[in-house]
Amino acid sequence: MTEKVPCQSEGCAAMILPSTAAKTGGYCMPCYQEQERRKREAYIQQHRKTVNLYEGLNDPVEILKIMHSPLQYDPLIKYTPYPRSKEQVYASLSPSEAESMAAYASHLLVSGDEDTSRDILSSLVSFRNESIAGCLPLLLEHELYYPGILYKDAGPDVRDRLLDQVEWDDENRNFILLALAWIGDEQVVRRFQEWRMKPPEWAEHLYVVPALYAREAGWELSDSGQRRNLVQGSSYAVEKMEDQRDSTVQQMFSGFLRHAAAACSWCSGKLTRLIDVDTTHTALARLNLSWERLQVDTCVNCGCYGVIYMELDGDGAPSWSAYNRKPDYLPDIELEEYSREYLLVGPQLMLSSIPRSAYYAAVWELDSHSKFGGYPGWVQDAGYPNCPCCGRSMLFIGQLDWSDLEDYGEGIYYMFICPKDRITATTYQQS
Ligand SMILES: [Zn+2]
Ligand SMILES: [Zn+2]
Ligand SMILES: [Zn+2]
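Presented here is an overview of the structure given in this document. (Residues numbered from 1 in each chain as written. Chains lettered and ligands numbered in written order. Predicted model: local features only at pLDDT ≥ 70, side-chain atom pairs only at ≥ 80, totals over all residues. Heavy atoms only, no water.)

## Looking at the coordination of the zinc ion (ligand 1)
In plain terms, the rule: Donors, by definition, are the N, O and S atoms found within 2.8 Å of a metal, the threshold being 3.2 Å for Na, K and Ca, and water is not counted, so a site can look incomplete. Square planar and octahedral sites, with four and six donors, are those where opposite donors lie more than 155 degrees apart and all other angles lie between 65 and 115, tetrahedral sites have four donors with every angle between 85 and 135 degrees, and the rest are irregular.
The zinc ion (ligand 1) binds to the protein through Cys-7 (SG), Cys-12 (SG), Cys-28 (SG) and Cys-31 (SG); the donor distances cover 2.2 to 2.4 Å. Metal-centred angles of 100 to 116° between the four donor atoms at the zinc ion (ligand 1) mark the site as tetrahedral. Each donor residue of the zinc ion (ligand 1) lies on the same chain, and together they follow the pattern C-x4-C-x15-C-x2-C.

If you want it as structure tokens, here you go:
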């Protein structure tokens, strides 16, 4: 039997074989590996280079190309992030620069990089409401149908081709219906209505009836078969202000995340006022609200399990609605386990003074999610709640993304209203 020797590390009681000691210089394996790890780390610290891929670049097209290319992971390289967000750079493009980006996306598609191509086109549409109608024949050729929003400005040729294809293309029907919903012109609305009156044979293989696809694109068929929009025209980013003093004036116009006076009838926790905004705000113009402030309350503990309706009185003051139905799967909520730290963020939030594209944050896969007005960015399928009074889909007002509010926050609260019945609703989705 070979006699074991003690490990050389101070404080280590391990006994090791002489053969191991010969290999490691007298240390046990765990101590040896720890030393090696430290050496590697010190080496990385000493030799790490900071690389700024944007150095000396002024052309926003070149900058975006870099932003869209995957960074090669290398522990010895620390990449300097670009000081502006993708959205800001997209917003700053001139029309011809935007065209260059569309051309670059087409080039990527042809060379096989479908994902980056899709990201660029989605960004052009979402951040700028840029028409990419010129790219659509190429997208069809490469069977790139998703996300449907890319097709919203399609001309009659592309539309008619899709209306034909949806009848026979079993494989892509789901995506084609989404693309058609986003086109949503008179012809499409008529066809959706025809399908509603006389469901096509292929409809039985879908998860929902064809007409319901319209909701993914922010509209639905009215009883008489007309297009009824479920969204507001312009869209405003909900932004975090570094300096709160500057935002005092803005906050009179809009406020976020405050304690509401009333308590939740389900968990008895205090309700949260998600937003409190002047009804003269441009994003609400289409709604013609007759009172002064639009206030949307919900219970942040329970609201992620089901729709919460609030009824508004003559002055717009919200109160818990008798229509609320407690979900069977609502867990027992121990109030002290629920942090209300997000309320601290409220005073820092304000609406951007300049409107964004109506499609801003409408593609959930792109960043920037909290917004007011415009089209919702669904994490899952479109989920407009029905108004408990009139039964119609409620209109989208805005959304707050919890990942914008808390370090480990996740999921989005969506806000809706039925102006006629003076009812608001909130829903919640997460990935
Ligand atoms: Zn040891
Ligand atoms: Zn509750
Ligand atoms: Zn209603």
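## Notes on the nonpolar core
Note the cut-off: Here, the term nonpolar core denotes a set of buried Ala, Val, Leu, Ile, Met, Phe, Trp, Tyr and Cys residues that are joined through side-chain atoms within 4.5 Å. Partly exposed describes any residue whose relative accessible area lies between the buried limit of under 20% and the exposed limit of over 50%, with all areas from a 1.4 Å probe on protein chains only and scaled to the type maximum. What counts as a helix is a DSSP run of H or I of at least four residues, what counts as a strand is a run of E of at least two, and both are numbered from the N terminus. Whether two residues touch is decided by their heavy atoms; if any such pair falls within 4.5 Å, the residues are in contact.
Of all hydrophobic cores here, the largest spans 115 residues; its most connected members are Leu-124, Tyr-151, Leu-162, Leu-180, Phe-192, Leu-257 and Leu-294. Counting residues per element, this core draws most heavily on helix H9 (residues 173-183), which supplies eight residues. Dropping the residues within four chain positions of it, Leu-294 is found in contact with Ile-275, Asp-276, Val-277, Thr-279, Leu-284, Leu-289, Leu-312, Ile-397, Ile-417 and Thr-424. Counting eleven residues, the second-largest nonpolar core is a separate cluster that includes Ala-260, Cys-264, Leu-271 and Cys-299.

## Quick look at the pattern of salt bridges
As a reminder, the rule being used: By salt bridge we mean one thing: a side-chain nitrogen of Lys or Arg within 4 Å of a carboxyl oxygen of Asp or Glu.
Counting across every chain of the model gives 23 salt bridges. A salt bridge links Glu-36 to Lys-39; the nearest nitrogen and oxygen atoms lie 3.0 Å apart. Residue Glu-36 and its partner Lys-39 are located together in helix H2 (residues 29-47), separated by three residues, close to a single helical turn. Given a relative accessible area of 26%, Glu-36 falls into the partly exposed group. For Arg-258, the salt bridge is made with Asp-276, and the minimal N-O distance between the two is 3.7 Å. Here Asp-276 lies in strand E9 (residues 270-278) and Arg-258 lies in strand E8 (residues 254-263), a separation of 18 residues in the sequence. Among the residues examined, Arg-258 registers a relative accessible area of 34% and is labelled partly exposed. Classification of Asp-276 by relative accessible area gives buried; the value is 9%. Salt bridges sharing common partners tie together Glu-34, Arg-37, Arg-38 and Glu-41.

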